[in-house]
Amino acid sequence: MHNRMMITGAGSGLGREIALRWAREGWQLALSDVNEAGLQETLRLVREAGGDGFVQRCDVRDYSQLTALAQACEEKLGGIDVIVNNAGVASGGFFSELQLEDWDWQIAINLMGVVKGCKAFLPLLEQSKGTIINIASMAALMQGPAMSNYNVAKAGVLALSESLLAELREQEVRVHVVCPSFFQTNLLDSFRGPTPAMKAQVGKLLESSPISAADIADYIFQRVAEGEFMILPHEQGRMAWQLKQQNPQLLYNEMASMAEKMRAKARQGRGGE
Ligand SMILES: NC(=O)c1ccc[n+]([C@@H]2O[C@H](COP(=O)([O-])OP(=O)(O)OC[C@H]3O[C@@H](n4cnc5c(N)ncnc54)[C@H](O)[C@@H]3O)[C@@H](O)[C@H]2O)c1
């Protein structure tokens, strides 16, 4: 029976909602995050929803913490059936202004965190013939302006997922990658970038989502059950991706116009230059 799931970044936002969606089916959850208060709250809600499990602090930048988590899953749950590499942070800023440190930070969490999660749990997943769910973003497909480090990290998560899809078929380990557009969570709290005004712009985008983190968790639940590899929860995202596949140049032009508008706005904010 498949009923044990590990989630990174489970103390908030989408990670918490995924925990609750699977808890409603009676699953055992291994909940990890760097936010321990958030984790305790998620576990309380998981139990209310009909699931159970345990919490463990885990920074996805540290491989030894991920292998320790895998060991805890083996000891406490006897193994794992599904892992969700969800932990992530937000960033923004034009390439010319981003520091190399901004790149290192973004890649270490949003990309290498997922690589390390997959690697640490692979032996357990091979045993259970389990499932990997990686949380990427529409940024993996659309590359909006002033977020190049985030775009690259998420495109990396997509490429990793495609690589694993091919490599792990023989071991019967299933792979899914989720690419949501913006939606409202606490993601902005982690925002890092050279231009503070950009944080407010990202905030507006998060607020603009027609669907919630709970809706997205439910959509993931359904699509995983159907065996869909690339999961695009936003209707608008599905349309944009279709458009890009048909006519990529149209999208590149659109992104370039957006970049020009954002630059003009930033110049205005600085009183013109
Ligand atoms: N909210 C959006 O608009 C949006 C859109 C597309 C993709 N995503 C992705 O969804 C995932 C979940 O984000 P969210 O929107 O729920 O944000 P959130 O900030 O509410 O939740 C992210 C969680 O990850 C944790 N985290 C951050 N750094 C960590 C680290 N080094 N180790 C372990 N945990 C860490 C945070 O403590 C937090 O609890 C992220 O990968 C994000 O990039 C979000």
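Residues numbered from 1 in each chain as written. Predicted model: local features only at pLDDT ≥ 70, side-chain atom pairs only at ≥ 80, totals over all residues. Heavy atoms only, no water.

(A) Representation of the sheet that holds strand β6 (residues 174-178) in the model. Strand order in the open sheet formed by seven strands is β3-β2-β1-β4-β5-β6-β7, and the pairing between neighbours is parallel. Lying at the two open borders of the sheet, with one neighbouring strand each, are β3 (52-57) and β7 (230-231). Relative to strand β5 (residues 131-135), strand β4 (residues 82-85) runs parallel, the two sharing four bridges. Residue pairing across strands places I83 opposite I132, the latter belonging to β5. Taken strand by strand, helix α2 (residues 36-49) contacts β2 (28-33) and β3, and its axis lies near 175 degrees from that of β3. (Pairing = 2+ DSSP bridges. Helix = DSSP H or I, 4+ residues; strand = E, 2+ residues; numbered from the N terminus. Contact = heavy atoms within 4.5 Å. Axes fitted to C-alpha atoms, helices over the stretch in contact; angles between N-to-C directions.)

(B) Spotlight on helix α6 (residues 148-167). If you check α6, its first and last C-alpha atoms are 28 Å apart, about what 20 residues at 1.5 Å a residue would give, namely 28 Å. The complete set of buried residues in α6 reads S148, N149, Y150, N151, A153, K154, G156, V157, L158, L160, S161 and L164. In this fold, the buried residues of α6 make contact with α4 (100-128), β5, α5 (139-142), β6 and β7. (Expected span 1.5 Å × (residues − 1). Buried < 20%, exposed > 50% of the residue type's maximum accessible area, 1.4 Å probe, protein only.)

(C) Spotlight on the environment of D102. On the secondary structure map, D102 appears in helix α4. Overall, D102 belongs to the buried group, its relative accessible area being 8%. Residues within four places of D102 in sequence aside, it is in contact with N149, R192 and P194. There is a polar contact of 2.9 Å between the side chain of D102 and the backbone nitrogen of Q99. (Polar contact = N/O pair within 3.5 Å; in protein donor to acceptor, adjacent residues only side chain to side chain.)

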